[in-house]
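Per-entry structural report
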Amino acid sequence: MAGTPPDGGGDRPWESYHTAYTNAKAGMEGVDKEKVQKVIYEMSKGSKYFENEQRKEAITKQKIDHLRAQCAKLTDNDISHFQKVAEHKILELEASRDLSKIWLHTDMDAFYATVEILENPSLKGKPLAVGSMSMIATASYEARKFGVRAAMPGFIGCKLCPELVFVRPNFERYTYYSELTRKVFQRYDPNFVATSLDEAYLNITKVCFDRGITGEEVATELRGAIHQETGLTCSAGVAPNRMIAKVCSDINKPNGQFILPNDQEAVTTFVSTLPIRKIGGIGKVTEQMLRQVLGISTCQEMLQKASFLCALFSESSADFFISVGLGLGGTETPEQRLRKSISCERTFRATDDCSMLFEKLDSLADNLADDMQKECLKGRTLTLKLKTAAFEVRTRAVTTQNYINSKEDILIYARKLLKAELPLSLRLMGLRMSQLRDEKDDSSTQTQKTLDRFFRTPDNSNVIGANSPSIGNTTGGDNYCTNVMTKVDYLEHDSMDDQALFLHEKNLFVPEGRSSDNYNNDAASSNPLMCDGVGGKELDDDSSSLKGTHTVKFDGQLTSSNATTSSSKPDQLFWINGYICSICGFELPPGFEEERQEHSDFHLAEMLQQEEAVDSTGPLSKERLAERPCSSTPTPKKKLKSSKEGKHIPIDAFFHKVNKNL
């Protein structure tokens, strides 16, 4: 089993130890992989990370065993039936193929490291790592020859390359050079989509048509312009859709380009031998499941085993896999919309020093407030993210009475959330603000009622329906409702790129950082395939929600809250078939963890607004409270379209956030 050494250890136990660090990046083609794997194994053995990897692999093995058992139960009639289903899907998806667009994906070469070399030429030619002994954000191509890569701890990097030179990150500098590159992008596509400081998608269809030039000529010209403006190099990929364009940009790195013609035969030939791990949305665990259960290792084999994919996975997952096999991807420019959340986080050496943790929280609040004020945003739902020394990730959320964006206001709530968790040894901390409004909107300054106030009566402020969610309220000047979530989420580092160490998430594409996944545990347990995570990186995370009541102490006050999601109706919000919201019918694959969190926040805000309208005449009376529908009685839900109607989620939905009209 990959990732977990045999019980007996074996003569070469490192051969079965695969982590994010052993996944090759551009510039690591000639590396002695066995040597790197052995070093990583020896230096990780016995650590908290190693133990966490073993726990995750045990869960992955259970998933694989379950799929194998399901596969073994399929009869000839079952396979025949699902073969017809697969053939129908293939025809339907093939009919949606669009070869009229030309997309270019550009990726800066070892961006942070190259910027540092540009600023300090004495570093040129040396194996360079941007980061620290705790974590490497970027490695130069000279360092990659030794097996050093992004998301790897610095001490392992030093073991692989004793001459490794470290430089601390300077994000103001990286942002400056990123802005220079974006000015170049605007010349070719004013609506380009930046997915990070060093990556962007450009629709160059109009430029090619207006100027009568090819995509190859545009790529060459753009790369030359970036080098002239910044002194940096980048690689580019040109293809009929974004998914393939991103794959193409990685082929001739560094400082190269690859062009795939807008031709169906060229596309299908290209993807036929493409390893499935090259596709965004297929991570380590998904790769293991497909390879070990169905023997799938290339995109072409997705089509050959399409009937089994339809039989074993959810409809959305099967659609995604088949779309990958056909080489289909997003072709339309994602709609620009108001972002749903804004966040920042920091990784540091594990510590249980309370004063140091509060100092880091202060810095995070300062950064978050600064980012919000720059974008003229205010928010109400603040989430604190904590990763312990044992790699357990917890999130705690609070919804404030007013919209806030100042450091002082953010710290009031953030410090209470952190204080409730201490004592604790942490290695990562993050803050996210959601339920946002434009600061210029006068309505955003209006006072909003907290959730618990809607359940109060004039003579008893703590009367709550027997089946209502238990939400406590602290008094003494801090009038807000808390909804405490608990999430154990063992994060993978294999999706981290140069920018992912200190990511400020953008909401047009799937963010690299991941947070809580929100779906009902009972529903998940009844359908093991609900957590297959296709379309994002969920299958690379082994997570479990802690059930039961969690009691949190805030300044002497005890706040009791069910350990659930931040939905205002946690007992009703879950994900049908793993991707359909039980309240509104919104379709969202399990891999979109940030989006699921924001979707829950949306329902919370919606409920608050509705309740405020109903409660505009005064506090709830006992009679009105009694009229409330009991939570045990399901509320009417939107009628969902039957899968038989042929409505499938396009592959585009797995590569950017879709703003659906509900």
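Parameters at a glance
- Residues numbered from 1 in each chain as written.
- Predicted model: local features only at pLDDT ≥ 70, side-chain atom pairs only at ≥ 80, totals over all residues.
- Heavy atoms only, no water.
- Helix = DSSP H or I, 4+ residues; strand = E, 2+ residues; numbered from the N terminus.
- Buried < 20%, exposed > 50% of the residue type's maximum accessible area, 1.4 Å probe, protein only.
- Contact = heavy atoms within 4.5 Å.
- Salt bridge = Lys/Arg side-chain N within 4 Å of Asp/Glu carboxyl O.
- Axes fitted to C-alpha atoms, helices over the stretch in contact; angles between N-to-C directions.
- Left-handed = near helix turned anticlockwise from the far one by under 90°.
- Pairing = 2+ DSSP bridges.
- Phe/Tyr/Trp six-rings, centres within 6.5 Å; stacked < 30°, edge-to-face > 60°.
- Lys NZ or Arg CZ within 6 Å of the ring centre and 35° of its normal.
- Core = buried A, V, L, I, M, F, W, Y, C linked by side-chain atoms within 4.5 Å.
- Polar contact = N/O pair within 3.5 Å; in protein donor to acceptor, adjacent residues only side chain to side chain.
- Nonpolar A, V, L, I, M, F, W, Y, C, P; charged D, E, K, R; others polar.
- pLDDT = per-residue confidence, 0-100.

1. Section: the overall build of the protein chain
Within the protein chain, the regular secondary structure consists of 20 helices and 19 strands. Considering the protein chain as a whole, with its 662 residues, one finds that 56% of them fall into the buried category. Long-range pairs, those at least 24 residues apart, make up 72% of the contacts in the protein chain between residues at least 6 apart in sequence.

2. Describing the pattern of salt bridges
Counted under the stated rule, the structure contains 27 salt bridges. Lys 246 serves as the salt-bridge partner of Glu 199, at 2.8 Å between the closest nitrogen and oxygen. Highlighted residues: Glu 199 in strand β6 (residues 199-203) and Lys 246 in helix α10 (residues 242-249), separated in sequence by 47 residues. Overall, Glu 199 belongs to the buried group, its relative accessible area being 6%. For Lys 246, a relative accessible area of 34% puts it in the partly exposed group. As a salt-bridge pair, Asp 370 and Lys 374 come within 3.3 Å of each other at their nearest N and O atoms. With Asp 370 and Lys 374 both in helix α16 (residues 354-374) and four residues apart, the pair spans about one turn of that helix. On the basis of relative accessible area, Asp 370 is assigned to the partly exposed category, the value being 34%.

3. Observations regarding the packing of helix α7 (residues 171-188) against helix α9 (residues 215-230)
At a minimum axis distance of 10 Å, the contact between α7 and α9 shows a crossing angle of 145°. Note that α7 runs across α9; the crossing there is right-handed. Taken together, the residues of α9 that come into contact with α7 (itself represented by Tyr 177, Leu 180, Thr 181, Val 184, Phe 185, Arg 187 and Tyr 188) are Val 218, Glu 221, Leu 222, Ala 225, Ile 226, Glu 229 and Thr 230.

4. Brief notes about the sheet that holds strand β2 (residues 128-131)
With mixed pairing, three strands are arranged side by side in an open sheet as β3-β2-β4. Every other strand in the sheet has two partners, leaving β3 (136-139) and β4 (165-167) as the edge strands with one partner each. Across the sheet, the axes of successive neighbouring strands diverge by a mean angle of 30°, strand direction being ignored. Looking at chain direction, β2 and β4 are connected through three bridges and run parallel. From the neighbouring strand, Leu 128 faces β4, where its bridge partner is Val 165. On the sheet, helix α4 (residues 111-119) packs against β2, β3 and β4 and is oriented at approximately 110° with respect to β2.

5. Some remarks on the sheet that holds β6
Spatial ordering of the open sheet is given by β5-β6-β1-β7-β8, a layout of five strands whose pairing is mixed. Since the sheet does not close on itself, it has two edges, and those belong to β5 (193-194) and β8 (257-259), each with one partner. Here α7 sits on the sheet and contacts β1 (103-108), β5 and β6; the angle it forms with β6, its principal contact strand, is near 15°. Sitting on the sheet, α10 touches β1, β6, β7 (234-239) and β8, and the angle it makes with β7 is about 145°.

6. Focus: the environment of Met 28
Assignment of secondary structure puts Met 28 in the segment before α1 (33-44). Along the primary structure Met 28 and Tyr 141 are separated by 113 residues, whereas in three dimensions their C-alpha atoms are 8.0 Å apart. In contact with Met 28, not counting residues within four places along its chain, are Arg 144, Gly 147, Val 148 and Arg 149.

7. What to know about the pairing of strand β12 (residues 426-438)
Of all the 13 residues making up β12, twelve are buried; the element is thus mostly covered by neighbouring parts of the structure. Looking at chain direction, strand β9 (residues 341-351) and β12 are connected through eight bridges and run antiparallel. Bridging from a neighbouring strand, Glu 345 pairs with Gly 430 of β12. Two elements, strand β10 (residues 377-388) and β12, share eleven bridges in a ladder whose sense is antiparallel. Paired with Thr 388 across the two strands is Leu 426, which belongs to β12.

8. A word on the packing of aromatic side chains
The relation between two aromatic rings is expressed through the spacing of the ring centres and the mutual angle of the planes. Under the definition given, this model contains eleven aromatic pairs. Seen from their ring centres, Tyr 176 and Tyr 177 are 5.3 Å apart, and the 80° between their planes marks the pair as edge-to-face. Its relative accessible area of 8% is what places Tyr 177 among the buried residues. The rings of Phe 111, Tyr 112, Phe 171 and Tyr 174 are connected pair by pair, giving a single aromatic cluster. Over the ring of Trp 103 we find Arg 242, and its NZ or CZ is 5.0 Å from the ring centre. One residue, Arg 380, lies across the ring of Tyr 403, its end atom 5.8 Å from the ring centre.

9. Focus on the nonpolar core
Burial of nonpolar side chains together is a common tendency in soluble globular proteins. Core analysis: the largest hydrophobic core is formed by 39 residues, its most contacted members being Leu 104, Phe 111, Leu 202, Ile 204 and Val 218. Contributing elements (two or more residues each) for this core: β1, α4, β2, α7, β6, α8 (205-211), α9 and β7. Element by element, the count of residues in this core is highest for α7, at six residues. Excluding residues within four positions of it along the chain, Leu 202 makes contact with Ile 102, Trp 103, Leu 104, Thr 106, Phe 185, Tyr 188, Asp 189, Phe 192 and Leu 222.

10. Looking at the environment of Gly 325
Along the chain, the position of Gly 325 falls in helix α15 (residues 315-326). C-alpha of Gly 325 to C-alpha of Val 271: the two residues are 54 residues apart in sequence and 6.9 Å apart in space. Beyond its immediate chain neighbours, meaning those up to four positions away, Gly 325 contacts Val 271, Cys 299, Met 302 and Leu 303.

11. Remarks on helix α11 (residues 264-272)
Listed as buried for α11 are Val 267, Phe 270, Val 271 and Ser 272. Each element contacted by the buried residues of α11 is listed here: α10, β8, α13 (299-304) and α15. The backbone nitrogen of Glu 265 has a side-chain oxygen 3.1 Å away, supplied by the residue at the start of α11, namely Asp 263.

12. Observations concerning the packing of α16 against helix α17 (residues 407-419)
At their nearest, the axes of α16 and α17 sit 9 Å apart, and the two run at 140° to each other. You can see that α16 and α17 cross each other, and the crossing is right-handed. Touching Leu 357, Phe 358, Leu 361, Asp 362, Ala 365, Asp 366, Leu 368, Ala 369 and Met 372 of α16 are Lys 407, Ile 410, Leu 411, Ala 414, Arg 415, Leu 418 and Lys 419, all from α17. Grouping the constituent residues of the contact of α16 with α17 by class yields eleven nonpolar, no polar and five charged.

13. Quick look at the side chain of Ser 316
Relative to the assigned elements, Ser 316 resides in helix α15. Taking relative accessible area as the criterion, Ser 316 reaches 3% and is therefore assigned buried. A distance of 3.3 Å separates a polar atom in the side chain of Ser 316 from a polar atom in the side chain of Ser 314.

14. Considerations on the confidence of the model for the protein chain
Parts of the model with low pLDDT should not have their predicted coordinates read in detail. Predicted confidence across the protein chain gives a mean pLDDT of 74, with 64% of residues reaching 70 or more. Taken together, the stretch residues 615-648 has pLDDT below 50 and engages in 48 contacts with residues farther than four places along the chain or on a different chain. Note that residues 654-662 has pLDDT below 50 and, in this model, 38 contacts with residues that lie over four places away or in other chains.

15. A closer look at the pairing of strand β11 (residues 393-404)
Most of β11 is tucked away, with eleven of its twelve residues classed as buried. Bridge count for β10 against β11 is eight bridges, and the pairing is antiparallel. What sits directly across from Lys 385, in β11, is Thr 395. As consecutive antiparallel partners, β10 and β11 are separated by four residues, and within that stretch Phe 391 has a phi angle of approximately 70°, a positive value.

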